Amino acid sequence: MITLHGFAASNYYNLVKHVLLYKQLPFQENLLYGGSDELLAISPAGKVPAITTADGLYLSESSVICDFIEETYPATPLYPENAGERAVVRQIMKIAELYFELPSRRFIPYVFSGAEIPELVKGEVRQVLNRGVTALSRLCQFSPWIAGEQLTMADIYVYYVNTIVSTFGSSQLEWDILAEVPGMKEWNDAMSQSVISQNVEADRLINKTEFMQKVQAQVKAAKAK
Ligand SMILES: N[C@@H](CCC(=O)N[C@@H](CS)C(=O)NCC(=O)O)C(=O)O
């Protein structure tokens, strides 16, 4: 059985969990936070999520884990059969990661420490997000799914990317970023209504308090140095 290591307040953890639930694969969860020795032993960069496969292999990096799950458990496919269409799905995921998720994440240290975000940083982030908005507007179909008629890995991936875009990017820039991509808000709302999304969200809320306590302890320790 697969073990999913990490914590439910992490959007990366949750996207892998959503894939496992979507494919109805049995798995167990092992609560681990960033910085723990146990996590470093199984995740080379010490990042969440990591999985232990049924064969005892340790894997990290959410997109790599998603591909492994798809290849190992092809039933209920999340990628199209056609290689070109599969590449388009991965293109959407990569663009969302590079131009939506990662720039929005630059605000996290400021938000958690309560420090003011320099205008220079806000400007840089806005510029990258603008590129993401343009690219995703060109690529996403929302008919009804992000890459067309079939629900794919990109639907799950981008839905969890968007939690970071909304929570950090939009709130700090006072800019409704998802509304800039035609059809994205409606699709995002539809994604949030699924039973799996709601179960994942319920677990996230349960973990949120403990996660925030850990973050605050880390911020306090850093300030005391
Ligand atoms: N590229 C990685 C990023 C994972 C990541 O940044 N995870 C965060 C939690 S959301 C983490 O492990 N943070 C702890 C740390 O950076 O020490 C992936 O796709 O899995």
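Structure: above.
Criteria and cut-off values
Residues numbered from 1 in each chain as written. Predicted model: local features only at pLDDT ≥ 70, side-chain atom pairs only at ≥ 80, totals over all residues. Heavy atoms only, no water. Buried < 20%, exposed > 50% of the residue type's maximum accessible area, 1.4 Å probe, protein only. Helix = DSSP H or I, 4+ residues; strand = E, 2+ residues; numbered from the N terminus. Pairing = 2+ DSSP bridges. Right-handed = clockwise from strand over helix to strand, strands pointing away. Near = heavy atom within 4 Å. Polar contact = N/O pair within 3.5 Å; in protein donor to acceptor, adjacent residues only side chain to side chain. Areas by Shrake-Rupley, 256 points an atom, 1.4 Å probe, with all protein chains shown as cover. 1 Å grid on protein atoms, 1.4 Å probe; cavity = no way out; pocket = protein on both sides within 12 Å on 5 of 7 lines; lining within 4 Å. Sits in = over half its atoms within 2 Å of the grid points.

1. As for the pairing of strand β1 (residues 2–6)
Most of β1 is tucked away: five of the five residues are buried. What you see with β1 is no split at all: I2, L4 and G6 on one side and T3 and H5 on the other are buried throughout. Across five bridges, the pairing between β1 and strand β2 (residues 27–31) is parallel. Its bridge partner lying in β2, L4 is registered against E29. Crossover β1 to β2 through helix α1 (residues 11–22) is right-handed.

2. Regarding the site of the ligand
Around the ligand sit F7, S10, Y12, K47, V48, P49, E61, S62 and R105, and that is every residue in its neighbourhood. Between the ligand and V48 there is a distance of 2.8 Å, counted from an oxygen atom to a backbone nitrogen or oxygen. One nitrogen or oxygen atom from the side chain of E61 is found 2.6 Å from a nitrogen atom belonging to the ligand. Compared with its free state, where it exposes 510 Å², the ligand has 76% of that area covered by protein. The pocket occupied by the ligand, as judged from atoms lying within 2 Å of grid points, is the largest pocket.

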